[in-house]
Amino acid sequence: MTFLPLAILLLLHIPFVYSSLPSLNGTSVTTLDVSDSSSCGNTRSLWDIVWSCAATLFACTWTAIHPNIPGMDEGKFAGFSRRLGIMMIALIAPELTITRATCQFLSARDAAKAFNDAFGGQLHQTRSDCGDMGESTATLLSEIPTSDRKNSPHPSAPHVANRDFRGWTVTHGFFAWMGGFMLYVNSKPRATLTPKELERFVRKGSVEMPVIVEADIEDRSKGDALSKGIAILQLAWFVLQLVARYVQNLPITLLELDTLALAAMAGIAYGFWWKKPKDVGRPHAVYWKATASLPSQLTYEYVVNILV
């Protein structure tokens, strides 16, 4: 079923392949003679053209697509259908894919900046203040009960940020917006948190600041160097063939031109998704504190209730 959108697209463009070629060899229907020379290097079959375009389209779209993390009740078939739909959009309307990738990149960058401004600066200030205090003062503060520390000008780490907070990158922003943080209440999954909800709950002290470094997020990603390398080599070989035919004044089919345009647009989308984790299966757990009041309304939980 993964090849269904590719097959539909190629079938729609087969008439353009015939119309763009100057002539057909009268002795064979499946062999297209694209020049007057009888050299084997200038003769390509219809299957060669279609296969080259199909391999390039599949390699580019499969590598470029970075779906979000599946929902709590989303099965494998639903996830596969969602990925198939994204591939069809990338083939039929690639400008929509570029728009989606651009919006996600800007949202991820803004989310990383918001968390760094909100918690990174406060944590750095808290550490600086603690460093300026003498050892005796620090000992006295450690003996103060937790309830009295809330009124202290130097709030405790959970109310500012976890002391292991090392700053967020664009990868963290992507991970947060793609459903990377799942809220657990009483050890049960409640809903996926948006970056704004996570920031608000951390500020209130309802949840701990998630401690996850960029290397851990990349470890969850299924994108490997082999699949990326194969896609790049296939695209480079395809472009090299078109350049060689153009230099030799040999005709190029419309299907090949369309494939080149789709591959170029897929490359633009892939550039915006470069830091986005690929095919992450499970989110990071964020546990609600027992002392905090239960959340009244969550974004994705509200959407699910409307749909039900």
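Let us look at the structure shown here.

Procedures and definitions
Residues numbered from 1 in each chain as written. Predicted model: local features only at pLDDT ≥ 70, side-chain atom pairs only at ≥ 80, totals over all residues. Heavy atoms only, no water. Helix = DSSP H or I, 4+ residues; strand = E, 2+ residues; numbered from the N terminus. Buried < 20%, exposed > 50% of the residue type's maximum accessible area, 1.4 Å probe, protein only. Contact = heavy atoms within 4.5 Å. Areas by Shrake-Rupley, 256 points an atom, 1.4 Å probe, with all protein chains shown as cover. Salt bridge = Lys/Arg side-chain N within 4 Å of Asp/Glu carboxyl O. Axes fitted to C-alpha atoms, helices over the stretch in contact; angles between N-to-C directions. Parallel < 35°, antiparallel > 145°, perpendicular 65-115°, else oblique. Left-handed = near helix turned anticlockwise from the far one by under 90°.

1. Description of the overall build of the protein chain
At step 1: A tally of regular secondary structure across the protein chain gives 13 helices and 5 strands.
At step 2: With 308 residues in all, the protein chain has 38% of them scored as buried.
At step 3: Sequence separation of at least 24 residues holds for 79% of the intrachain contacts in the protein chain that already meet a minimum separation of 6.
At step 4: Here the protein chain displays about 17,500 Å² of accessible surface, and carbon together with sulfur accounts for 62% of that area.

2. With respect to unusual backbone geometry
At step 1: With a phi angle near 60°, N249 is a residue other than glycine that sits in the positive phi range.
At step 2: Tracing the sequence through the fold places N249 in the loop between α11 (225–247) and α12 (254–272).
At step 3: N249 sits in the exposed class, given a relative accessible area of 70%.
At step 4: Positive phi outside glycine occurs at D279, with the angle close to 55°.
At step 5: With relative accessibility at 23%, the residue D279 sits in the partly exposed group.

3. Some remarks on the environment of A108
At step 1: Structurally, A108 can be placed in helix α4 (residues 94–132).
At step 2: Put simply, A108 and F175 are 67 residues apart on the chain and 8.1 Å apart in space, counted from C-alpha to C-alpha.

4. Digging into the pattern of salt bridges
At step 1: Within the structure shown, the criterion is met by 6 salt bridges.
At step 2: With its nearest N and O atoms 3.5 Å apart, the salt bridge here joins E199 to R203. A residue pair is termed a helical-turn pair when its members lie 3 or 4 positions apart in one helix, as E199 and R203 do in helix α9 (residues 195–204) at 4 residues.
At step 3: When its relative accessible area of 43% is taken as the criterion, R203 is described as partly exposed.

5. Some words on the packing of helix α2 (residues 46–64) against helix α3 (residues 76–92)
At step 1: Across the interface, α2 lies against α3 with an axial gap of 10 Å and an inter-helix angle of 120°. With respect to their mutual orientation, α2 and α3 come out oblique. The handedness of the crossing between α2 and α3 is right-handed. Where α2 approaches α3, its residues L57, F58, T61 and W62 are matched on the opposing element by R83, M87, A90 and L91.

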